[in-house]
Amino acid sequence: MTADQFVKALIDEGVDVKEYKDWRNHNRNHKGKWGPVNGVVIHHTAGTSSLDLCYNGTDDLPGPLCQTYLHKDGTAYMVGNGRANHAGTFAQNAVDAAVSESATHPRPDAAEPVDGNSRFYGIEIENRGHNKDPYPDVQYKAAVRWAAAICRFHGWTADSVIGHKEGTRRKIDPTFDMNQFRRDVAAQLGQKPQPEPEKPTPPAPRPDVPPFPGTYYFRAGAKNAYVTQLGRQLIKKGYARFYRVGAGPQWTAADRAAVRAFQEDQGWSGTGADGYPGPQTWRRLFS
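To keep things clear, this report deals only with the structure shown in the data block. Starting from 1, residues in each chain are numbered consecutively following that chain's sequence as written. For this predicted model, a pLDDT threshold of at least 70 governs which residues receive local features, and a threshold of 80 or more governs which side-chain atom pairs are given and counted, while totals over whole chains, interfaces and linings are taken from all residues. The side-chain numbers reported here are obtained from all heavy atoms of the structure, hydrogens and water having been left aside.

Another point: the packing of aromatic side chains. Both the distance between ring centres and the angle between the ring planes are used here to describe each pair of aromatic rings. Aromatic pairs are defined between Phe, Tyr and Trp rings, using the six-membered ring for Trp, whenever the two ring centres lie within 6.5 Å; interplanar angles under 30 degrees are classed as stacked, those over 60 as edge-to-face, and all others as tilted. Enumeration over the complete set of coordinates arrives at 20 aromatic pairs. With centroids separated by 5.7 Å and ring planes inclined at 85 degrees, the aromatic side chains of Tyr140 and Phe181 adopt a geometry described as edge-to-face. Within this pair, whereas Tyr140 is found in helix α4 (residues 137-154), its partner Phe181 is found in helix α6 (residues 178-189), the two being separated by 41 residues in sequence. Judged by its relative accessible area of 0%, Phe181 falls in the buried class. Here a set of aromatic residues connected by ring pairs shows up, and it is made of Phe212, Phe218, Trp251, Tyr276, Trp282 and Phe286. Note on conventions: DSSP H or I runs of at least 4 residues are helices, E runs of at least 2 residues are strands, and numbering of each starts at the N terminus. When accessible area is computed with a 1.4 Å probe and restricted to protein chains, residues below 20% of their type maximum are described as buried, those above 50% as exposed, and intermediate ones as partly exposed.

Here a salt bridge means any side-chain nitrogen of Lys or Arg lying within 4 Å of a carboxyl oxygen belonging to Asp or Glu. Applying the stated criterion to the full structure yields eleven salt bridges. Between Arg24 and Asp4 there is a salt bridge; the shortest N-O distance is 2.7 Å. Here Asp4 lies in helix α1 (residues 3-12) and Arg24 lies in the loop between β1 (16-19) and β2 (39-44), a separation of 20 residues in the sequence. A salt bridge links Arg83 to Asp115, with the nearest nitrogen and oxygen atoms 2.7 Å apart. Here Arg83 is found in the loop between β4 (75-78) and β5 (89-90), whereas its partner Asp115 is found in strand β6 (residues 114-115), with 32 residues between them in sequence. A cluster of three or more residues bridged by salt bridges with shared partners is formed by Asp4, Glu19 and Arg24.

Take the pairing of β4 next. Taking every second residue as pointing to the same face, both faces of β4 are buried, with Thr75 and Tyr77 on one and Ala76 and Met78 on the other. When DSSP finds at least two bridges between two strands, those strands are taken to pair. Sheet analysis places strand β3 (residues 68-70) next to β4, joined by three bridges and oriented antiparallel. Of the residues in β4, the one forming a bridge with Leu70 is Ala76. Two successive antiparallel strands, β3 and β4, enclose a turn made up of four residues, where Gly74 displays a positive phi of approximately 90 degrees.

This brings us to the pairing of strand β7 (residues 120-125). Extensive coverage of β7 is indicated by the burial of six of its six residues. Bridge count for β2 against β7 is six bridges, and the pairing is parallel. Its bridge partner being in β7, Val41 is matched across the sheet by Gly122. Across three bridges, β3 lies against β7 in parallel orientation. Bridge pairing in β7 links Tyr69 to Glu124.

Right, dumping it as structure tokens:
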């Protein structure tokens, strides 16, 4: 999938998508081939607040560490586009089961001759991984929709989806039952994709301090009057340098860059300065 195809597939499946930093050009393609792709690998982060870790990686394991990071609230942050350091080496029998879409996924062999990073998409689900940290329903369902979106795009069944623990003996993630997860993905694939989350009815904008209309209106592919209203206020507040032709109804990289700059000027960082307006950003911007 191209970056645009990836985002569209997820949105069409009903996933709340946010594009993080320069994810469209962020990959490990220079270290090895990317594709042909054969399936999807599910991971948990084994930590907390792991968005930047998944994007940047570590000195020993550079990022991206997956294509998508999934927050507890069900938001899917795109962090990589192409090869990512998420799978490592895989057992041949595990890969064969995914490629053949076998209903049985065997215990992986000890030998691991396959480069899993080149063959599988990966998602890191925020979870401590010690069986005491629950997966909120909104997060689990988003993971199911994420996997289903990729399978639907490629024409795969749910048996193209494996857990990291099913590709190698070295890992235990994810801590939920992968057989049940595949059944849930299959059920999702049996439904028509949900192109849009339920559209909220926003309050009518007021010229003084307009109420926040909701995050629905500020995301990839959005085009509405609230984006224009946001852009005009950012320009008014001194962020015109991000706009070449002024504010418009189409949500663009310029809007996100301007919002991020405003958020950083408030002293926020991390997910607090992700470039997407929330109620607090909106309130500060229009105050």
